[in-house]
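Listed below, chain by chain, are the residues.
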Amino acid sequence: LVQSPYGNFAIQHALEEWGGQRCLPILQKMEGRMMQLSIQKYSSNVVEKLFSSAPEDMRQRFIGELVASEKMSMLVNSNYGHYVAKRALQMATPEQSEALIKSIRANLAMLPNRRLWVKWENVMSGADLDGDTLKASNGSNGSKARGKRREQCPQLVR
């Protein structure tokens, strides 16, 4: 169901509405399959959702699966893997984040796709973790925000 174009929405909805505790049977079925599910189009969305809705102990185990996987090159080469890694880095413990970044970096050298390499670099640098590298930290107050953007990205100023 998690790999289905429509079934994945049902699982995501269940996780959202009922939370991780009530969805333990679903979560337990996915345990041991994080890497496989993280590189597929539909199931990668479910993996992202479970990182934010699973109970803390399960979330740590799921992220640990990614870190310990010998198939990290598959995640790095996947078009969907960086979305999963981005969410994992947001939800991971500091130790897990460090281990995940180390594992990803070890596999970047083999990456033939330059565009995908740039996405991975953004994820690992934290630039892509909040979804907007130019977001001003002091709110969206007109000139203050524009000034902050100029400080952060002077190459964008004409």
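Here is a short report on the structure shown in this document.

Conventions adopted
Residues numbered from 1 in each chain as written. Predicted model: local features only at pLDDT ≥ 70, side-chain atom pairs only at ≥ 80, totals over all residues. Heavy atoms only, no water. Helix = DSSP H or I, 4+ residues; strand = E, 2+ residues; numbered from the N terminus. Buried < 20%, exposed > 50% of the residue type's maximum accessible area, 1.4 Å probe, protein only. Contact = heavy atoms within 4.5 Å. Areas by Shrake-Rupley, 256 points an atom, 1.4 Å probe, with all protein chains shown as cover. Core = buried A, V, L, I, M, F, W, Y, C linked by side-chain atoms within 4.5 Å. Expected span 1.5 Å × (residues − 1). Arc of directions from axis to C-beta.

Bringing the overall build of the chain into the picture now. The helix and strand tally for the chain stands at 10 helices and zero strands. Of all 158 residues assigned to the chain, the portion counted as buried reaches 39%. Sequence separation of at least 24 residues holds for 65% of the intrachain contacts in the chain that already meet a minimum separation of 6. When the accessible area of the chain is evaluated, it comes to approximately 9,300 Å², of which 50% is carbon and sulfur surface.

Moving on to the nonpolar core. Of all hydrophobic cores here, the largest spans 35 residues; its most connected members are Phe51, Ile104 and Trp120. Apart from residues no more than four positions distant in its own chain, phenylalanine 51 is found in contact with Arg59, Phe62, Ile63, Leu66, Val84, Arg87, Ala88 and Met91.

Residues spaced three or four apart along an α-helix face the same direction, because each turn holds 3.6 residues. Under the 1.5 Å per step criterion, the end-to-end length of helix 9 (residues 114-125) is 16 Å for 12 residues, consistent within 8% with the ideal 16 Å. When helix 9 is considered as a whole, its buried residues turn out to be Leu116, Trp120, Val123 and Met124. Projection of helix 9 onto a plane perpendicular to its axis shows the buried side chains occupying an angular sector of 90 degrees, all on one side. Seen from the open side of helix 9, the exposed residues pointing more than 90 degrees away from its buried face are Arg114, Arg115 and Ser125. Packed against the buried residues of helix 9 are helix 6 (72-77), helix 7 (81-91) and helix 8 (94-108). One or two positions beyond helix 9, positive phi appears at glycine 126, with a value near 90 degrees.

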